[in-house]
Amino acid sequence: MPAPGFRMGRAAALGAAAVCAVLAASPAAAKPDFQTWLQELKAEARSDGVSADALDRALEGVAPIDRVIELDRRQPEFMRTFWGYLNNRVTPEVVERGRDMLDEHDAVLSEVARHYGVPKRYLVAFWGMETNFGAHLGSFPVIDSLATLAYDERRSAFFRRELLHALHIIDNGHIAPAKMKGSWAGAMGHMQFLPSTFVRHAVDASGDGRKDIWHTLRDAFASAANYLDSLGWAADERWGREVVLPEDFNYAQAQLDVTKPLQSWADMGVKRADGGPLPVVGGMEGAIVLPQGHEGPAFLVYDNFRAILSWNRSVNYALAVGYLADRLIGLPRIQHGRDLDTEPLKREELVTLQTRLNELGFEAGAEDGIPGPQTRAAIRRFQEAVDLPRDGHPTPTLLEKVRSDGQRAEGSS
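Residue positions are given per chain, counted from 1 along the sequence in the order it is written. Residue-level local features of this predicted model are given only where pLDDT is at least 70; pairs of side-chain atoms are given and counted only at 80 or more, and the full residue set underlies all totals for whole chains, interfaces and linings. The side-chain numbers reported here are obtained from all heavy atoms of the structure, hydrogens and water having been left aside.

**Quick word on unusual backbone geometry**
A positive phi angle, near 60°, is found at Phe133, a position not held by glycine. Helix numbering and strand numbering both begin at the N terminus, where a helix is a DSSP run of H or I of at least 4 residues and a strand a DSSP run of E of at least 2. The topology assignment puts Phe133 in the loop between helix H8 (120-131) and strand E1 (140-141). A 1.4 Å probe rolled over the protein chains alone gives each residue an accessible area, and that area as a share of the maximum for its type sets the label: buried under 20%, exposed over 50%, partly exposed in between. Classification of Phe133 as buried rests on a relative accessible area of 5%. With a phi angle near 55°, Gln192 is a residue other than glycine that sits in the positive phi range.

**Structural notes on the pattern of salt bridges**
Whenever a carboxyl oxygen of Asp or Glu lies within 4 Å of a side-chain nitrogen of Lys or Arg, that contact is scored as a salt bridge. Taken as a whole, this structure holds 15 salt bridges when the rule is applied. A salt bridge links Asp208 to Arg210; its shortest N-O distance comes to 3.7 Å. One network of salt bridges, in which partners are shared, links Asp72, Arg73, Asp152, Arg154 and Arg155.

**Quick word on helix H16 (residues 347-359)**
The end-to-end C-alpha distance of H16, which contains 13 residues, comes to 18 Å, matching closely the 18 Å that a straight helix rising 1.5 Å per residue would cover. Those residues of H16 not exposed but buried are Arg347, Leu350, Leu353, Gln354 and Leu357. Down the axis of H16, the sector holding all buried residues measures 115°, keeping them to one side. Here the expected span of a helix is defined as 1.5 Å times the quantity of residues minus one. The arc refers to the directions leading from the helix axis to the C-beta atoms.

**Focus: a negative patch on the surface**
Residues enter patches when their relative accessible area tops 30% and they take part in no salt bridge; the joining distance is 9 Å for like charges and 5 Å for the nonpolar side chains Val, Leu, Ile, Met, Phe, Trp and Tyr. Only the protein chains shown count as cover for residues, with accessible areas throughout obtained via the Shrake-Rupley method and a probe of 1.4 Å. In summary, the charge assignment counts Lys and Arg as positive and Asp and Glu as negative, without counting His or the chain termini. To locate a charge, the coordinates of NZ of Lys, CZ of Arg, CG of Asp or CD of Glu are taken. Negative charge collects at one region of the surface, where Glu93, Glu96, Asp100, Asp103 and Glu104 lie side by side. Residue position: Asp100 is located in helix H6 (residues 92-104).

**Brief notes about the nonpolar core**
Counting 91 residues, the largest nonpolar core has Trp37, Leu59, Ile143, Leu163, Leu167, Met180 and Trp311 as the members making the most contacts within it. Looking at which element gives the most residues to this core, the answer is helix H15 (residues 315-328), with nine residues. When checking whether two residues touch, look at their non-hydrogen atoms; a contact exists if any pair is within 4.5 Å. Every residue in contact with Leu59, bar those within four places of it in the chain, is listed here: Leu38, Leu41, Lys42, Ile143 and Leu167. Core analysis: the second largest hydrophobic core is formed by 15 residues, Val243, Phe249, Ile288 and Ala298 among them. The set of buried Ala, Val, Leu, Ile, Met, Phe, Trp, Tyr and Cys residues whose side-chain atoms join them within 4.5 Å is what this entry labels a nonpolar core.

**Some details on the pairing of strand E6 (residues 285-289)**
Counting buried positions along E6 gives four out of five residues, so the element sits mostly inside the fold. A pair of strands is treated as paired once DSSP finds two or more bridges between them. When strand E4 (residues 260-261) meets E6, the two strands line up antiparallel, connected through two bridges. Each residue of the ladder has a partner; that of Lys260, found in E6, is Gly286. Across three bridges, E6 lies against strand E7 (residues 298-301) in antiparallel orientation.

**Re the packing of H6 against H15**
Packing of H6 against H15 leaves a shortest axis separation of 9 Å and a crossing angle of 65°. Once H6 is placed against H15, the crossing between them reads as right-handed. In contact with Val94, Val95, Gly98, Arg99 and Leu102 of H6, H15 contributes Leu324, Arg327 and Leu328. Axis lines are fitted to C-alpha atoms, over the contacting stretch for helices. Their N-to-C directions set the angle, which ranges from 0 to 180 degrees. The hand of a helix crossing depends on one turn: near helix anticlockwise from the far one by less than a right angle means left-handed, and clockwise means right-handed.

**A look at the packing of aromatic side chains**
Pairing of aromatic side chains here covers Phe, Tyr and the six-membered ring of Trp, requires ring centres within 6.5 Å, and sorts the geometry by plane angle: under 30 degrees stacked, over 60 edge-to-face, intermediate tilted. Per the counting criterion, the structure on display carries 20 aromatic pairs. Site record: aromatic cluster; members linked through ring pairs are Phe82, Trp83, Trp239, Phe299 and Phe305. Cation placement over rings: the criterion is NZ of Lys or CZ of Arg within 6 Å of the ring centroid and within 35° of the ring normal. A cation sits over an aromatic face here: Lys31 above Tyr151, 4.0 Å from the ring centre. Seen from the ring of Trp265, Lys260 lies directly overhead, with NZ or CZ sitting 5.6 Å from the centre.

Next up, the structure:
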């Protein structure tokens, strides 16, 4: 989903002077004021092939947006659990609306699916996750947003490239600058493409000479399918499925980088969610994902799940897309783990967890409140030391265990 809409004008209404002062006062390094920087950007764009006319139209009155900097800096107080995320994103209303969209746009979706090999339910699921089926495309002026982030020093190089791509899109006549609206970070259209994704994968499926992912659903669906196809989407495979694990399952194997043939998982006692035998397709491999630890639901995910992750690196997002696609065609709800306490760790509690794990020698990495791969590996090492299931999942119970049993764990590390 894009950031919430923010309907404002340009320099005067956006407090540009204030944000310029904040950015220019950054102690990290001396840098030019925004207008000087903008002239340098224009020169680079001209040398990159953008026409002077396009630059004049796109950059007239452009100014930093203070709200964009605020959103870029804002960190959530809570890390959302899987159930907290899923229950908010895949509601009965979203499923019903998605089924209506499947019916309403069946002709164009079927045509796109045949051409690219991406089933239409997945296209609608991405559409629903990204913009609530086109209801929230974002109202930030994309050029202003990208200029703000490119001028800022935190991710300047990345957004400078995105801004140059956006200028090429305007120069090529795909959309007028005033109509190029999107999220605060520059994601655009029904499927929320960044400009670089647009340049590489957008399609003029309607044949009108423009790749219009903002207003033409045929273009938007075809562009999304083309992107997924480039990521290796397998037309005849699912994204994955809910499974149940045997009681003696080694939870250390529940990691995305631990893949096995489906027969191997079946031989270990992994079954379908209803307890039936796991379907085994020769040559297919999968990995076990536990988005809320060993007490929550378990999923066996396939190559298409990794394609979804390439679109958005969040495991919760990828599971939600797959689950929504399943629900759109009447496949069952998730059957296990719904009664699990969904209380998340606060950010400061995650920092405390990482700090304590580092003090105990478990090498959790940066104490940043983000439970990335290194932190999860440290949690697994701690869990092994104190004889807990090695699922690598941070919970309030685990934090208390690290605090109270730390000395015993230190002696075992």
